[in-house]
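# Observations on the model geometry
If you want the building blocks of each chain, they are given just below.
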Amino acid sequence: MNINKNIQKASKDTITTDVLEIMAHNKDDCIVITQNELPVGILTTKDIMELIKNSFDLSLPISNYMSSPIETINENASIKESINFMKEKHFKRIVVTNSKNVLTGLILQRELISLSYSKWSVLMREYSSELSEINNLLERKTKKYEKMASTDQLTGLYNRYKFTELFNSEYHTMEQRDNSMCIMMIDIDYFKIVNDKYGHNVGDNVLLQTSNILLKHFRNVDIVSRWGGEEFVVLLNYDKEKEIFKYIKRVKELIRNSDFAYKNNHIRVEFSAGVSYRDRYENHFDVINKADKYLYVAKNSGRNKVVFEDNKEL
């Protein structure tokens, strides 16, 4: 295993300010603290932030603030052993020692990944035919994980990350077609009462049924996602503004008149929402924040209503 031997280190008796100067001068994100060449602790940039944030006395020896004891790995460990060690400990870096536990170097997570990739490249060249099926399997797994990463686990709707990606893509398409877009931020009214009264299984069922109605009754050109908790966000494309009122009103009435049945529980669901228009803002953050603002206007003015940016209501 190739080890980075240009590791920054300091004695445990070194004054903390001196340690910080060493790290700043060498632009390192960590420093190993030693005693007689044996690693006894470590200090990272994250630790430094905590020291500064909490106004600790930096004139004290670094032994007061280092993370200790420190776990190390032997320099003769294989790449696989090192990766497993890093994964098990949730480390971003590994301190390396020899058989006498003397500090010999440091290896970072990205360096291990690079080494693994190099080994894999050699295997690919030498055993390309044998690895063909493995590549096919990995491709199938990748598609599966891509779907998992872009959808909400409970509802199957797009998640916040995927919605943001689609939002930017759709905006450029709509500009070319000379259409317009608006954002509708939805929040189920009194959802906490549902959870408290009936339990989280019933609450999950309400979220799932709401998602199905939104997905089914908005148009295929619209994008529906779960924003988080009991909040949903919808991207609507339109040519004439009155179309938006029609679609939103229909969905609102459908949800309000639906029986959200779960076993023997029959629940009536209403929602509040805010609507903002994409062409009035420079980026998607602003238009989403504005929709969220009007959502809370709806919440604070009686709930069970949709408030539009131009002060119209449904």
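Before any of the text, the structure's been laid out above.
Treat the numbers as computed from the prediction; the structure is a model and nothing was measured. (Residues numbered from 1 in each chain as written. Predicted model: local features only at pLDDT ≥ 70, side-chain atom pairs only at ≥ 80, totals over all residues. Heavy atoms only, no water.)

On the surface, Lys 240, Lys 242, Lys 246 and Arg 250 cluster together into a patch of positive charge. Assignment of secondary structure puts Lys 242 in helix H9 (residues 241–256). (Patch = residues over 30% accessible without salt bridge, like charges linked within 9 Å, V, L, I, M, F, W, Y side chains within 5 Å. Areas by Shrake-Rupley, 256 points an atom, 1.4 Å probe, with all protein chains shown as cover. Salt bridge = Lys/Arg side-chain N within 4 Å of Asp/Glu carboxyl O. Lys, Arg positive; Asp, Glu negative; His and termini not counted. Charge placed at Lys NZ, Arg CZ, Asp CG, Glu CD. Helix = DSSP H or I, 4+ residues; strand = E, 2+ residues; numbered from the N terminus.)

Here we take up the sheet that holds strand S2 (residues 30–35). Across the sheet, 3 strands lie side by side as S1-S2-S3; this open sheet has mixed pairing. Either end of the sheet is taken by a strand with one partner, and the two such strands are strand S1 (9–11) and strand S3 (38–44). Along the sheet, successive strands turn relative to each other by an average axial angle of 35 degrees, direction set aside. The sheet contact formed by S2 and S3 spans 6 bridges and is antiparallel. For Thr 34, the partnering residue across the bridge sits in S3 and is Pro 39. (Pairing = 2+ DSSP bridges. Axes fitted to C-alpha atoms, helices over the stretch in contact; angles between N-to-C directions.)

With that settled, the discussion passes to the sheet that holds strand S5 (residues 93–97). Spatial strand order, S4-S5-S6: 3 strands in an open sheet with mixed pairing. Bordering the open sheet on either side are strand S4 (72–74) and strand S6 (103–108), each of which pairs with just one other strand. Taken pair by pair, the neighbouring strands of this sheet meet at an average axis angle of 35 degrees, ignoring direction. When S4 meets S5, the two strands line up parallel, connected through 3 bridges. Note that in S5 the partner of Ile 73 across the bridge is Val 96.

All right, on to the layout of surface pockets then. A volume near 370 Å³ is recorded for the largest pocket. Residue lining of the largest pocket: 15 residues in total, with Ile 42, Thr 44, Phe 91, Lys 92 and Arg 93 positioned closest to the centre. When contributions to the lining of the largest pocket are tallied by element, the ones reaching two or more residues are S3, helix H2 (45–53) and S5. Of the residues in the lining of the largest pocket, the class split is 5 nonpolar, 4 polar and 6 charged. Taken together, 21 residues make up the lining of the second largest pocket; nearest its centre are Arg 219, Asn 220, Val 221, Asp 222 and Ile 223. Broken down by element, the residue count for the lining of the second largest pocket peaks at 3 residues, all from helix H6 (residues 160–177). (1 Å grid on protein atoms, 1.4 Å probe; cavity = no way out; pocket = protein on both sides within 12 Å on 5 of 7 lines; lining within 4 Å. Points joined across faces, edges and corners; volume = space filled by probe spheres on them. Nonpolar A, V, L, I, M, F, W, Y, C, P; charged D, E, K, R; others polar.)

For helix H10 (residues 284–300), spanning 17 residues, the distance from its first C-alpha to its last is 24 Å, which sits close to the expected 24 Å at 1.5 Å a residue. Residues His 284, Val 287, Ile 288, Ala 291, Tyr 294, Leu 295, Ala 298 and Lys 299 constitute the buried set of H10. Burial along H10 is one-sided: seen end-on, the buried residues are contained in an arc of 155 degrees. In H10, the exposed residues that point more than 90 degrees away from the buried face are Phe 285, Asn 289 and Asn 300. In the stretch just after H10, Gly 302 is the one whose phi turns positive, near 120 degrees. (Expected span 1.5 Å × (residues − 1). Buried < 20%, exposed > 50% of the residue type's maximum accessible area, 1.4 Å probe, protein only. Arc of directions from axis to C-beta.)

Right, let's talk about the environment of Cys 30 for a bit. Turning to its location among the elements, Cys 30 is positioned in strand S2. For the pair Cys 30 and Thr 45, spaced 15 residues apart in sequence, the C-alpha to C-alpha distance is 6.2 Å. In this structure Cys 30 touches Gln 8, Met 23, Ile 42, Leu 43, Thr 44, Arg 93 and Leu 106, once residues within four positions along its chain are discounted. (Contact = heavy atoms within 4.5 Å.)

Throughout the structure, instances matching the rule amount to 13 salt bridges. Put simply, Asp 13 and Lys 12 hold a salt bridge, and the shortest N to O gap is 3.7 Å. By relative accessible area, Lys 12 is classed as partly exposed at 21%. Note that Lys 89 and Glu 71 form a salt bridge whose closest N and O atoms lie 2.8 Å from each other.

Right, let's talk about the nonpolar core for a bit. In terms of nonpolar packing, the biggest core is built from 33 residues, with Met 184, Phe 218 and Ile 248 touching the most fellow members. Elements supplying a minimum of two residues to this core: strand S7 (180–188), helix H7 (191–198), helix H8 (200–217), strand S9 (231–238), H9, strand S12 (271–277) and strand S13 (306–308). It is H9 that provides the largest number of residues to this core, a total of 6 residues. Residues in contact with Phe 218, not counting those within four places in the same chain, are Met 184, Ile 213, Val 224, Val 234, Leu 236, Tyr 247, Ile 248, Arg 250 and Val 251. Of all hydrophobic cores here, the second largest spans 14 residues; its members include Leu 166, Met 185, Ile 288 and Leu 295. (Core = buried A, V, L, I, M, F, W, Y, C linked by side-chain atoms within 4.5 Å.)

So, on to the packing of H8 against H9. Look at H8 against H9: their axes get within 10 Å of each other, and the N-to-C directions meet at 150 degrees. With respect to their mutual orientation, H8 and H9 come out roughly antiparallel. In the packing of H8 onto H9, the handedness of the crossing is right-handed. Across from Thr 210, Ile 213, Leu 214 and His 217 in H8, the residues of H9 making contact are Arg 250, Val 251, Leu 254 and Ile 255. (Parallel < 35°, antiparallel > 145°, perpendicular 65-115°, else oblique. Left-handed = near helix turned anticlockwise from the far one by under 90°.)

A few words now on the packing of aromatic side chains. Scanning the model with the defined rule gives 5 aromatic pairs in all. Measuring from centroid to centroid gives 5.5 Å for Phe 56 and Tyr 65, while their planes differ by 50 degrees, and the two rings are tilted. In this structure Tyr 65 comes out as buried when scored by relative accessible area, which is 15%. Arranged with centres 6.1 Å apart and planes meeting at 55 degrees, the rings of Phe 163 and Phe 167 form a pair that is tilted. (Phe/Tyr/Trp six-rings, centres within 6.5 Å; stacked < 30°, edge-to-face > 60°.)

On their own, these measurements won't tell you what the molecule is for.
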